[in-house]
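# Tertiary structure, described
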Amino acid sequence: MPGLEDLYREIILDHYRTPRNRGELPTPPAVVAQGHNPLCGDEISVFLEVGDGVVSDVKVGGQGCSISQSSASMMSQAIKGRSVDEVRALVRRFKGMMSIEDVGDNEPGTDGVQLGDLEALQGVVKFPVRIKCATLAWNTLLEALEQANETAAS
Ligand code: ZN
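To start, this report covers the structure provided alongside it. None of these values were measured; they are calculated from a predicted model.

## Considerations on the nonpolar core
In this structure, Leu48, Ile79, Phe94, Leu118, Leu121, Trp138 and Leu141 are the most contacted members of the largest nonpolar core, which totals 42 residues. Looking at this core, the elements with two or more residues in it are α1 (4–17), β1 (31–37), β2 (42–51), β3 (54–63), α2 (66–79), α3 (84–97) and α4 (128–153).

Shown next, in the form of structure tokens:
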């Protein structure tokens, strides 16, 4: 499909230049997780506020390459206002898309999960060294979800 890669590049650059949900949240009530990708020098902070099983707010900080930062921006946009269960399904769906084995559409429990702009990152799979850039925000998000879970339980 001609032009699709250009479109994807545009979406990635748009999120890189104009990152969504950039900033910090007060902790507590929010939790924060830090992620680091030493291969590329990418850094991501994910501030997450969870209430009644819903991600009520999210902010992202950090610096790094366009793939890592645009993935974080898209992630923040995709999870805000979603239930924790939906967010976990989205993480599985995204990491499925990013896996070289391409289990994407067959990941259990991810039917009907819409990736939206995140589809733009699927071309990254062709460049294995960049996959860690794309998944950094998502692994950091999982850590933040764990923290939010522990905070809720205590
Ligand atoms: Zn990177």
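## With respect to the pattern of salt bridges
For the structure shown, the criterion picks out five salt bridges. For the salt bridge of aspartate 14 with arginine 20, the shortest nitrogen-to-oxygen distance reads 2.7 Å. With relative accessibility at 22%, the residue arginine 20 sits in the partly exposed group. With a shortest N-O distance of 3.3 Å, lysine 80 and aspartate 57 are connected by a salt bridge. Placement of lysine 80 in the loop between α2 and α3 and of aspartate 57 in strand β3 is noted, with a sequence separation of 23 residues between them. Its relative accessible area of 39% is what places lysine 80 among the partly exposed residues.

## What to know about the coordination of the zinc ion
Taken together, the protein ligands of the zinc ion are Cys40 (SG), Asp42 (OD), Asp42 (OD), Cys65 (SG) and Cys133 (SG), with distances of 2.1 to 2.8 Å. As a motif over one chain, the donors of the zinc ion read C-x1-D-x22-C-x67-C. With cysteine 40 in the loop between β1 and β2 and cysteine 133 in helix α4, this residue pair connects regions lying 93 residues apart in the sequence. Judged by its relative accessible area of 0%, cysteine 133 is buried.

About the criteria used
Residues numbered from 1 in each chain as written. Predicted model: local features only at pLDDT ≥ 70, side-chain atom pairs only at ≥ 80, totals over all residues. Heavy atoms only, no water. Core = buried A, V, L, I, M, F, W, Y, C linked by side-chain atoms within 4.5 Å. Buried < 20%, exposed > 50% of the residue type's maximum accessible area, 1.4 Å probe, protein only. Helix = DSSP H or I, 4+ residues; strand = E, 2+ residues; numbered from the N terminus. Salt bridge = Lys/Arg side-chain N within 4 Å of Asp/Glu carboxyl O. Donors = N, O, S within 2.8 Å, 3.2 Å for Na, K, Ca; no water.

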